Amino acid sequence: MKRSRLKRNHIIQLLLSILTVLLIGFVSSRVFFRIDLTTDNRYSINESTKTALQDLDDIVYVKVYLDGDLPAAFEELRRSVLETMEEFRAYAGSNIQYEFINPAESEDQKTRNEIARQLVDKGLNPRTIRVEDKDGYKTKYLFPGAVIMYRQEEVVLNFIDSKASGRTAVERLINDAQEKLEYNFLNKIREVTSVFPATIAFITGHGELERSQSISFARELSDMYSIKLVDPDEYIYALRDSMRLKYDAIVIAKPRTRFSEKDKFIIDQYIMHGGKVLWLVDYNDVHMDSLARKSTTQAIPIQRQLNLNDMLFSYGVRINTGIIQDLRSAPIPVNTAAMGAEPQFTPTPWVYFPVIAPRPIHPITTNIGPIKTEFTNPLDTVGRNPDVEKQILLKTSQYSRVISSPALIDLSIINEKPDPQRFRSGPQNVAVLLEGNFQSAFKNRLVDDFTENTFFDFKEKSKKTKMIVVSDGDVAKNPVITRNGDQQSLPLGSDKWFEDINFSGNKPFLLNAVNYLTDDNELVTLRGRKFELRLLDRQKLRNEKTFWRALNIGLPIVVMLILAFVFHFLRRLKYTKKSSQ
């Protein structure tokens, strides 16, 4: 009887266990969830990314050229890419397909070279590394990137920033690549699947930045948007037609000549109908090239010349004509060689080039690097329109001051030791975000016959919209140099004179600004994502390598032996008691 009851209990327990496993499997197949216990949410993806993946209507195929015998750091990157792809598939289902390819798999050198040439032609950047093996060191060529295909279209994604300094530690490069994986993949998927991408217009016709000076910014935007150059030329429907806006946002980058009243009206009514604007406007005309020929130049105010002050004032911003000096500043080259010797240029801080360290007060300014500005003006918020919210995005350092304009810019100040007591004006506002319903700059300025004419569709109060005003046009200007008689545009944030100096914040700030204006908030969030880099102490690792190896190998064995001894002792004790009974 006792054996029969025991057998029945065992069978019931087995059936219950099988039923529980089946139930868990059924529930888990119907209810999807993941738990990320990392402090920086390293293994979680953004809600908007999930939505974008779920909205895919066809297969996106990803070829990842990161496989084979990889160094440890790149093996970590491969694992991160694999995890990202698996996470994407969890939400996109079969609409995300991927494979990992080893471009150096062939034993034939000629075949490997041909594959490498094809990948370079596609746009994948090779990376040369030296690895240690039993015979010494050897050079390997990796292609850390992917080709993303959708129907007949394909785009290339390089994981490693090709503009990164050659002295940057590989661990830092890999960590930066891991931080940007979700953003880069989502951005490229949007690019390859978008049939009608949003359109951004760069306004021209008023002395704005030349194409060679803004091409880096425009190229970065072109990965996400369709880019147009538009001269309003006083045509009433240059930015909109009678039914809709022609452009999702417009960029006004450092105008130098007058805006006519008609062009202002065109921009004003674009805003009133819901248009978004990125204003990059400064009110002084200064030519740094003049300092290469003589030690002084003039800063001339062009506030009246531009004819924009009343317009910006009506929206809630006033740009002042003063010039900011800041002890936290970018350098210019100064010849420090002895008289008669070959020139030797040394980077020397130039207080007219404030470098701004953005604070994480808004997604636009979160986790971005230093931003270089040139001859920047301070700005203020004005007006009491309760329908407009204003938030300062960028400020100079506390060691700033403002000098009046017109001003004499004298190169000799670099020979003076800056006195902090003279730079006590505190942080100066440089960029502001305005959101809400704006008043038209032409309210109460037009006759009734005009405002009531349905052809013009005049609005004196805007739909809910937003704009960003930056009191420096040079923030979007990439350096242009002359090599072998040809002009060459450098990447945005590069320094014109020193290759090892880079201002990493200019590009992400501007991209974030446009993304935010066009409601691509998920790109702003993902671009600001940061992972904590947890590096091993290499010296400590070398010194304690034997100990940790012994501990990792020996401790499990010792634990198992102790458990076996305890189990054996308890079993022996149990059956000794039964036999004595």
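Note that the coordinates shown come from a computational prediction; the quantities given were computed from them, not determined experimentally.

Rules used in this analysis
Residues numbered from 1 in each chain as written. Predicted model: local features only at pLDDT ≥ 70, side-chain atom pairs only at ≥ 80, totals over all residues. Heavy atoms only, no water. Helix = DSSP H or I, 4+ residues; strand = E, 2+ residues; numbered from the N terminus. Polar contact = N/O pair within 3.5 Å; in protein donor to acceptor, adjacent residues only side chain to side chain. Contact = heavy atoms within 4.5 Å. Pairing = 2+ DSSP bridges. Axes fitted to C-alpha atoms, helices over the stretch in contact; angles between N-to-C directions. Expected span 1.5 Å × (residues − 1). Buried < 20%, exposed > 50% of the residue type's maximum accessible area, 1.4 Å probe, protein only. Right-handed = clockwise from strand over helix to strand, strands pointing away.

**Observations concerning the side chain of His273**
Tracing the sequence through the fold places His273 in the loop between helix 7 (261-272) and strand 10 (276-280). Only 2.7 Å separates the side chain of His273 from the backbone oxygen of Gln269, close enough to count as a polar contact. Each residue touching His273, except ones within four places of it in the same chain, is listed here: Arg240, Leu245, Asp457, Lys459 and Lys463.

**Digging into the sheet that holds strand 9 (residues 249-253)**
Within the open sheet, the seven strands sit side by side as 8-7-9-10-23-22-19. Their pairing is mixed. Of all strands in the sheet, those bounded by a partner on one side alone are strand 8 (226-230) and strand 19 (388-395). Each strand of the sheet is rotated relative to its neighbour by a mean of 15 degrees, with strand direction disregarded. Note that strand 9 and strand 10 share five bridges and pair parallel. Each bridged residue has a counterpart across the sheet, and for Ile252 the counterpart in strand 10 is Trp279. The strands touched by helix 7 within the sheet are strand 9, strand 10 and strand 23 (465-470), with strand 10 carrying the most contacts at an inclination of about 135 degrees.

**Some words on helix 11 (residues 506-517)**
An ideal rise of 1.5 Å per residue puts 16 Å on twelve residues; helix 11 measures up with 17 Å between its terminal C-alpha atoms. With respect to burial, helix 11 is a largely interior element, eleven of its twelve residues being buried. Within the sequence span of helix 11, burial applies to Asn506, Pro508, Phe509, Leu510, Leu511, Asn512, Ala513, Val514, Asn515, Tyr516 and Leu517. Just beyond helix 11, the residue with positive phi is Asp519, at close to 65 degrees.

**Brief notes about the pairing of strand 2 (residues 96-100)**
The pairing of strand 1 (residues 60-64) with strand 2 spans five bridges and is classified as parallel. Opposite Val64, over in strand 2, you have Phe100 as the bridge partner. Of the crossover connections in this fold, the one passing from strand 1 over helix 3 (residues 72-92) to the parallel strand 2 is right-handed.

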